[in-house]
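# Geometric and topological summary
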Amino acid sequence: MVRARRRKKVRKLNKLIIIPALFVIVVTICVNLIWQLDMPDVFVDSSTRDSGGRGAETLVGEPEPMEFSAWLADWEWAAGIEDFNIVSEEMASVQLFAAYFDENKKLLLTDDFSEMLPKFEEAVEILGAEEVYLTVVNDTVFAAGGSVQKDPELISALMRNEESRANHIAEIVGLVSDYDFAGVEIDYEKIREEDWEFVVAFYRELYEALTVAGKELRIVLEPSVPVESLSLPEGPTYVMMAYNLYGTHSGPGPKADVALITQVAEKLQTLEGNHYLALSAGGFAWSEDGSVRALTEVEAAASAAMSSEPVQRDKASGAVHFTYVDDAGREQIVWYADDETFSKWIKTAREQGINRIALWRLGEIEGSTLDVFNGMD
């Protein structure tokens, strides 16, 4: 009887302790659920900036959406438009390449460009494209034939005094306005160290003039540009090239690797705002006679079928490489980027906080590689 009464007391005591405890736990859970529904888990990440350099609200655990931009070159516009037709819905912008310079240092649009433009406009009208820019590059084209690519003398002549800069800016704004482009992209390369002061002044003055005209400015930077020591203006969108690691200037190798992309991404992150990291399609063939030839991805893949050995994939870059003998009996060493390469490069850029990728260039890119860009999110 005593034991029975003790057991009843224990059971009663347990009820007195457990029931309130369970009640507290249930109430706590309900309060937390209601609080989470009313207060979504949002924070301002100081490392994430919008195009104006302001902190952007980002959902915890959700990466910034990817943006894709690409160039369409005047000398291969037909194949470029074919690729554009496949990826246009995924593109934030397209850059029409390019306006060059004549012997009098005036802007020049080629016959190829004039032929490309109406065909491109037809594609845009059917498929849509948010932004179309005109790229201006410092190549001098001679009337008698031939050209000087990435002409540093031209830059020195245009930038060294306020009057020449003002005249150049007026010509750019006029051309972009006449064709009703969203803006202009400046791709001036091989800039001499002593000219950077004037080039930076040009960027600032051009940005102000375009803003007044309701136009936008993109600026292409080579990987070697010392952005940390330049007072580059805020406002323009910068596009930093993460390629040319190997090419016509070197022996065989990939256009880019993980180390280069990481280095460029780090430099790009020092600029205020949200900017583009540029990757390059295709590859090169290095001949035993010393010549180097640029290849589209389609051309490179076709050459791979002529190799007597299986193609190899480089671990450091993800690029494909192989050797074959051409019809003239010369050995050719080929390196190029395919879909797996681009997946690796984009993943590397994403890991470094880059969510904007620009592609040089559309035209004869394999469908599987275009799918990589169609699948960016």
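All figures in this text were calculated on a predicted structure; none of them were measured in a lab.

Along the polypeptide, Thr140 turns up in strand 6 (residues 132–141). Within the structure, the side chain of Thr140 is placed 3.1 Å from the side chain of Asp151, a separation counted as a polar contact. Excluding anything up to four places from it in sequence, Thr140 contacts Phe101, Asp102, Gly146, Ser147, Val148, Asp151 and Leu154.

Turning next to the packing of aromatic side chains. Here a ring pair, both rings aromatic, is described through the centre-centre distance and the interplanar angle of the planes. Counted under the stated rule, the structure contains 16 aromatic pairs. When the centroid spacing of 6.1 Å and the interplanar angle of 55° are considered together, the rings of Trp75 and Trp360 count as tilted. Separated by 285 residues along the polypeptide, Trp75 in the loop between strand 3 (67–73) and helix 2 (77–87) and Trp360 in strand 17 (residues 356–360) bring together distant segments of the chain. For the ring pair Tyr188 and Phe202, a centre distance of 5.9 Å and an interplane angle of 20° mean the geometry is stacked. Remark: Phe202 occurs in helix 6 (residues 196–212) and Tyr188 occurs in the loop between strand 8 (183–187) and helix 6; sequence separation between them is 14 residues. Taken individually, Tyr188 and Phe202 each receive the classification buried, so the pair is uniform in this respect. Taken together, Trp71, Trp75, Phe97, Tyr100 and Trp360 form an aromatic cluster joined through their ring pairs. Stacked on the ring of Tyr276, the Lys or Arg Arg218 has its end atom at 4.8 Å from the ring centre.

Core analysis: the largest hydrophobic core is formed by 79 residues, its most contacted members being Ile186, Tyr188, Tyr203, Leu206, Leu221 and Leu277. It is helix 6 that contributes the most residues to this core, seven residues altogether. Not counting residues within four places of it along the chain, the set of residues in contact with Leu221 comprises Tyr203, Val227, Leu232, Tyr238, Val239, Met240, Met241 and Leu271.

This next bit is on helix 8 (residues 297–304). Where helix 8 is concerned, the buried positions are Glu297, Ala300, Ser303 and Ala304. Taken around the axis of helix 8, the buried residues stretch over an arc of 125°, which confines them to a single face. On its buried face, helix 8 sits against strand 12 (282–287), strand 13 (292–295), strand 15 (320–325), strand 16 (331–337), helix 9 (339–351) and helix 10 (367–374).

The contact between helix 5 (residues 162–178) and helix 6 brings their axes to 10 Å, and the two run at 40°. Taken as axis vectors, helix 5 and helix 6 run oblique relative to one another. As helix 5 runs across helix 6, the sense of the crossing is right-handed. Of helix 6, the residues touching helix 5 (which contributes Arg165, His168, Ile169, Ile172 and Val173) are Phe198, Ala201, Phe202, Glu205, Leu206, Ala209 and Leu210. Looking at the contact of helix 5 with helix 6, its residues break down into nine nonpolar, one polar and two charged.

Structurally, Lys267 can be placed in helix 7 (residues 258–268). Despite its burial, Lys267 pairs with no opposite charge; the closest candidate is Glu228, at 4.7 Å N-O. Beyond its immediate chain neighbours, meaning those up to four positions away, Lys267 contacts Pro223, Ser224, Val225, Val227, Glu228 and Met240.

The subject of this paragraph is unusual backbone geometry. Residue Ala98 is reached from Phe97 by a cis peptide bond, and omega for that bond is 10°. Its place among the elements puts Ala98 in strand 4 (residues 91–101). A cis amide bond, omega -5°, links Trp360 with the succeeding residue Arg361. Residue placement: Arg361 occurs in the loop between strand 17 and helix 10. For Lys105, which is not glycine, the phi dihedral falls at a positive 65°. Relative to the helices and strands, Lys105 is located in the loop between strand 4 and strand 5 (107–108). We note that Lys150 has phi near 50°; this positive angle belongs to a residue other than glycine.

This part takes up the pairing of strand 12. Burial within strand 12 is extensive, with six of its six residues counted as buried. Of the two faces of strand 12, the one lined by Gly282, Phe284 and Trp286 and the one lined by Gly283, Ala285 and Ser287 are each fully buried. Direction of pairing for strand 12 relative to strand 16: antiparallel, over a ladder of six bridges. Its bridge partner lying in strand 16, Ser287 is registered against Gln332. Bridging between strand 12 and strand 13 involves four bridges; their strand directions are antiparallel. From the neighbouring strand, Phe284 faces strand 13, where its bridge partner is Ala294.

This part covers helix 5. An ideal rise of 1.5 Å per residue puts 24 Å on 17 residues; helix 5 measures up with 24 Å between its terminal C-alpha atoms. Every buried residue of helix 5 is listed here: Ser164, Arg165, His168, Ile169, Ile172, Val173, Leu175 and Val176. Relative to the axis of helix 5, the buried residues are bounded by an arc of 165° and lie together on one face. Among the exposed residues of helix 5, those oriented more than 90 degrees off its buried face are Glu163, Ala170 and Asp178.

With respect to the helices, strands and loops of the structure, Glu366 is situated in the loop between strand 17 and helix 10. Residues Glu366 and Asp338, 28 residues apart in the sequence, show an inter-C-alpha distance of 7.7 Å. Setting aside residues no more than four positions away along its own chain, Glu366 makes contact with Glu297, Val298 and Ala301.

Reading the values: rules and limits
- Residues numbered from 1 in each chain as written.
- Predicted model: local features only at pLDDT ≥ 70, side-chain atom pairs only at ≥ 80, totals over all residues.
- Heavy atoms only, no water.
- Helix = DSSP H or I, 4+ residues; strand = E, 2+ residues; numbered from the N terminus.
- Polar contact = N/O pair within 3.5 Å; in protein donor to acceptor, adjacent residues only side chain to side chain.
- Contact = heavy atoms within 4.5 Å.
- Phe/Tyr/Trp six-rings, centres within 6.5 Å; stacked < 30°, edge-to-face > 60°.
- Buried < 20%, exposed > 50% of the residue type's maximum accessible area, 1.4 Å probe, protein only.
- Lys NZ or Arg CZ within 6 Å of the ring centre and 35° of its normal.
- Core = buried A, V, L, I, M, F, W, Y, C linked by side-chain atoms within 4.5 Å.
- Arc of directions from axis to C-beta.
- Axes fitted to C-alpha atoms, helices over the stretch in contact; angles between N-to-C directions.
- Parallel < 35°, antiparallel > 145°, perpendicular 65-115°, else oblique.
- Left-handed = near helix turned anticlockwise from the far one by under 90°.
- Nonpolar A, V, L, I, M, F, W, Y, C, P; charged D, E, K, R; others polar.
- Lys, Arg positive; Asp, Glu negative; His and termini not counted.
- Salt bridge = Lys/Arg side-chain N within 4 Å of Asp/Glu carboxyl O.
- Pairing = 2+ DSSP bridges.
- Expected span 1.5 Å × (residues − 1).

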